[in-house]
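The primary structure of each chain is shown beneath.
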Amino acid sequence: MNNHVTVLEIDANAVLHNLNYFKQKLKSETKILAVVKAFGYGSDAIEIAKIVEKDVDYFAVAYANEGINLREAGITTPILVLHPQIANIKDIVKHRLEPNLYNFKILDAFLAYANEVPLMNYPIHIKFNTGLNRLGFWHTDVPNILATLKQSNNVIVQSLFSHLAASEDVNEQEFTINQINNFAYIVKQVYEHLGYEPMIHILNTSGVINYAKAQFDMVRIGIGLYGFGNTPNETANLKNTHLLKSVISQITLIKPGETVGYNRAFVASKPTKSATIPIGHADGISRRLGNKNGFVVVNGQPAPIIGNVCMDMIMVDVTNIDCKEEDEVIIFNHQQHIEFMAHKCETIPYEILTALSQRIKRLVKR
Ligand SMILES: *Cc1c(COP(=O)(O)O)cnc(C)c1O
């Protein structure tokens, strides 16, 4: 049982609001896959899955063990494993997870295992690389894939999919539309020769926002569920899902000339009231937020982080804030604050959220 006072509150209603926001952009028959990899973007994959399971058709995780965790928590919805490894094949089948087979090495290995068991019509997914150049078969692989699959009735291709490289970037429209067209061409070839028509999908959150026409049979929504639309306008339509809070452990009064924290990085120029908060860089609060680059909120007032961020603590300036030890501290409670942190850390909200350590207690607010 985690009894830590630093808590990440997950807002179930906000997650459902965000899911419905995307549903309303889509045809009623389009299936929804909720991406819950990386602990549900730093929240709690099991809790997120429980919140949305009745309203989605699929889940996706990156790795097999993430899928196993969902199964062991009683999630029965189909789960696509986006980045399985050959070493995980047995466990994948044992937990009825559905592998993305992205090259001949893993396709052949899976088919060999499926033949050995033997499995019947086991659901698999085939990914094509259309420009991200990360995982996936090339369009030139289609004849070999078809020849390989024809030899096996141990598996059934549940879906064909691809992933966009720059769906959030309006300057990359031409590239993105090319990816979509190339994917559609690959699908056409597979459909002509496979003998049945697997589901097809290519859109992530920003894909749904900018290229809804390419929704095909399913869309894969990750960051959107968690409140980010990758533009201020879209984010404004979404609700904040992650609220990170803590408490003041200690208040220290510092005289002019005295310093705070490691390397004596903060030097008081006047009498200063410093509050110590039990969250640090081991929890995902980047050292880049130290030295007044970041702030927390104490009793409604911004309190800048002073000195260097420690592994387990930060110190914040509360000189002008009426507060005492044990008072609540908001690390962030809206998307704009998370975006501000991301900006200061030269990163994106995805990284701020997924960096939140497992040490932080998770709590679902319904
Ligand atoms: C992570 C991921 C997604 C979700 O992307 P968002 O931008 O978070 O919506 C979709 N598809 C694949 C293949 C992914 O790896």
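Conventions used here
Note that residues are indexed from 1 along each chain, following the sequence as it is written. The predicted nature of this model means local features are confined to residues of pLDDT at least 70 and side-chain atom pairs, given and counted, to a pLDDT of 80 or more, with totals for whole chains, interfaces and linings taken over all residues. Side-chain numbers here rest on the full set of heavy atoms in the structure, without hydrogens or water. Only buried Ala, Val, Leu, Ile, Met, Phe, Trp, Tyr and Cys residues count toward a nonpolar core, and they belong to the same one when joined by side-chain atoms within 4.5 Å. Each residue is assigned to one of three classes by its accessible area relative to the maximum for its type, calculated with a 1.4 Å probe on protein chains only: buried under 20%, partly exposed between the two thresholds, exposed over 50%. An automatic or database domain assignment is the source of the domain bounds shown. Contacts are residue-level and defined by heavy atoms, with any inter-residue pair within 4.5 Å sufficient. By salt bridge we mean one thing: a side-chain nitrogen of Lys or Arg within 4 Å of a carboxyl oxygen of Asp or Glu. For helices the rule is a DSSP run of H or I covering at least 4 residues; for strands it is a run of E covering at least 2, with both sets numbered from the N terminus onward. Proximity criterion: a residue is near a molecule or strand once any of its heavy atoms comes within 4 Å of it. Two N or O atoms form a polar contact when they lie within 3.5 Å of each other; inside protein one atom must be a possible hydrogen donor and the other a possible acceptor, and for residues adjacent in sequence the pair counts only when both atoms belong to side chains. Here the accessible surface of atoms and residues is derived via Shrake-Rupley with a 1.4 Å probe, and residues count as covered only by protein chains that are part of the display. Points on a 1 Å grid over protein atoms alone make up a cavity when a 1.4 Å probe fits among them but cannot get out, and a pocket when they form an open set with protein on both sides within 12 Å along at least five of seven lines; lining residues each have an atom within 4 Å of a point. To decide whether a molecule occupies a pocket or cavity, check its atoms: if more than half lie within 2 Å of the grid points, it is inside. For this classification, the nonpolar set comprises Ala, Val, Leu, Ile, Met, Phe, Trp, Tyr, Cys and Pro, the charged set comprises Asp, Glu, Lys and Arg, and every other residue, Gly included, is treated as polar. Grid points are joined across faces, edges and corners, and a volume is the space filled by probe spheres set on the points. A pair of strands is labelled paired if DSSP reports no fewer than 2 bridges between them. In this description, a line fitted to the C-alpha atoms serves as the axis of each element, helices being fitted only across the stretch in contact, and the angle between N-to-C directions of two axes falls anywhere from 0 to 180 degrees. What pLDDT conveys is the predictor's confidence in a given residue, as a value from 0 to 100.

### Considering the nonpolar core
For step 1, the next point in the chain: One finds Phe 110, Ile 124 and Ile 126 to be the most contacted residues of the largest nonpolar core, which totals 111 residues.
For step 2, the next point in the chain: Taken domain by domain, this core gets at least three of its residues from each of domain 1 (12-229) and domain 2 (242-365).
For step 3, the next point in the chain: The residues contacting Ile 126, other than those within four sequence positions of it, are Asn 100, Leu 101, Leu 107, Phe 137, Ile 145, Val 157, Ser 159, Leu 160 and Phe 161.

### A few points about the pattern of salt bridges
Think of it this way: side chains of opposite charge can pair up when their charged atoms draw near.
For step 1, the next point in the chain: One pass over the full model with this rule turns up 10 salt bridges.
For step 2, the next point in the chain: Notably, a salt bridge pairs Arg 359 with Asp 312, separated by 3.0 Å at the nearest N-O pair. One end of the pair, Arg 359, is in the loop between helix 12 (349-354) and strand 19 (361-365); the other, Asp 312, is in the loop between strand 16 (301-306) and strand 17 (314-317), with 47 residues separating them in the sequence.
For step 3, the next point in the chain: Using a relative accessible area of 32% as the deciding quantity, one classes Asp 312 as partly exposed.
For step 4, the next point in the chain: When the shortest N-O distance is used, the salt bridge between Lys 324 and Asp 327 registers 3.1 Å.
For step 5, the next point in the chain: Linked through salt bridges whose partners overlap, the residues forming this network are Glu 9, Lys 245 and Glu 328.

### Structural notes on the site of the ligand
For step 1, the next point in the chain: Of all residues adjacent to the ligand, which total 13 residues, the nearest are Lys 37, Tyr 41, Thr 205, Ile 223 and Tyr 350.
For step 2, the next point in the chain: In this structure, an oxygen atom belonging to the ligand sits 3.0 Å away from a main-chain N or O atom of Gly 222.
For step 3, the next point in the chain: In this structure, Ile 223 approaches the ligand through a main-chain N or O atom, which is 2.8 Å from an oxygen atom.
For step 4, the next point in the chain: The fraction of the free accessible surface of the ligand (390 Å²) that becomes covered by protein chains is 95%.
For step 5, the next point in the chain: Spatially, the ligand is embedded in the largest pocket.
For step 6, the next point in the chain: Its residues placed into classes, the shell around the ligand shows 5 nonpolar, 4 polar and 4 charged.

### What to know about the layout of surface pockets
For step 1, the next point in the chain: Of the volumes computed, that of the largest pocket is approximately 760 Å³.
For step 2, the next point in the chain: Lining the largest pocket we find 37 residues, and of these Lys 37, Tyr 41, His 163, Asn 204 and Tyr 350 sit closest to its centre.
For step 3, the next point in the chain: The set of elements that each furnish at least two residues to the lining of the largest pocket consists of helix 2 (37-42), helix 9 (205-210), helix 10 (232-236), helix 11 (335-344) and helix 12.
For step 4, the next point in the chain: At 3 residues, the largest contribution of residues to the lining of the largest pocket is made by helix 11.
For step 5, the next point in the chain: Looking at side-chain class alone, the lining of the largest pocket contains 18 nonpolar, 13 polar and 6 charged residues.
For step 6, the next point in the chain: One number sums up the size of the second largest pocket: a volume of about 240 Å³.
For step 7, the next point in the chain: In this structure, the second largest pocket is lined by 13 residues; those nearest its centre are Phe 39, Asp 44, Ala 45, Ile 46 and Asn 69.
For step 8, the next point in the chain: Among the secondary structure elements, those contributing two or more residues to the lining of the second largest pocket are helix 3 (45-52) and helix 4 (64-72).
For step 9, the next point in the chain: The element that contributes the greatest number of residues to the lining of the second largest pocket is helix 4, accounting for 4 residues.
For step 10, the next point in the chain: Grouping the constituent residues of the lining of the second largest pocket by class yields 6 nonpolar, 4 polar and 3 charged.

### Some details on empty space enclosed by the protein
For step 1, the next point in the chain: Per the stated rule, a full pass over the model turns up 1 cavity of 30 Å³ or more.
For step 2, the next point in the chain: Approximately 40 Å³ is the volume found for the largest cavity.
For step 3, the next point in the chain: Lining the largest cavity, in full, are Ile 285, Leu 289, Phe 295, Val 296, Ile 305, Ile 314, Ile 331 and Met 341.
For step 4, the next point in the chain: Here the residues of the lining of the largest cavity sort into 8 nonpolar, no polar and no charged.

### Comments concerning the sheet that holds strand 14 (residues 272-277)
For step 1, the next point in the chain: Taken in spatial order, the 9 strands line up as 11-14-17-16-15-18-10-1-19 in an open sheet, and their pairing is mixed. The open sheet has two free edges, formed respectively by strand 11 (250-254) and strand 19, since each of these has just one partner strand. Ignoring strand direction, the axes of neighbouring strands in this sheet form an average angle of 35°.
For step 2, the next point in the chain: Sheet topology note: the strand 15 (residues 295-298)/strand 18 (residues 328-332) ladder contains 2 bridges and is antiparallel. Residue pairing across strands places Val 298 opposite Val 329, the latter belonging to strand 18.
For step 3, the next point in the chain: Helix 11 rests against strand 10 (242-247), strand 15 and strand 18 of the sheet, and its axis sits at about 65° to strand 18.

### Observations regarding the confidence of the model for the protein
For step 1, the next point in the chain: The pLDDT averaged across the protein works out to 98; a share of 100% of its residues lies at or above 70.
For step 2, the next point in the chain: In the model of the protein, helix 10 stands out as the element of lowest mean pLDDT, 96, in contrast to strand 3 (residues 58-61), which has the highest, 99.

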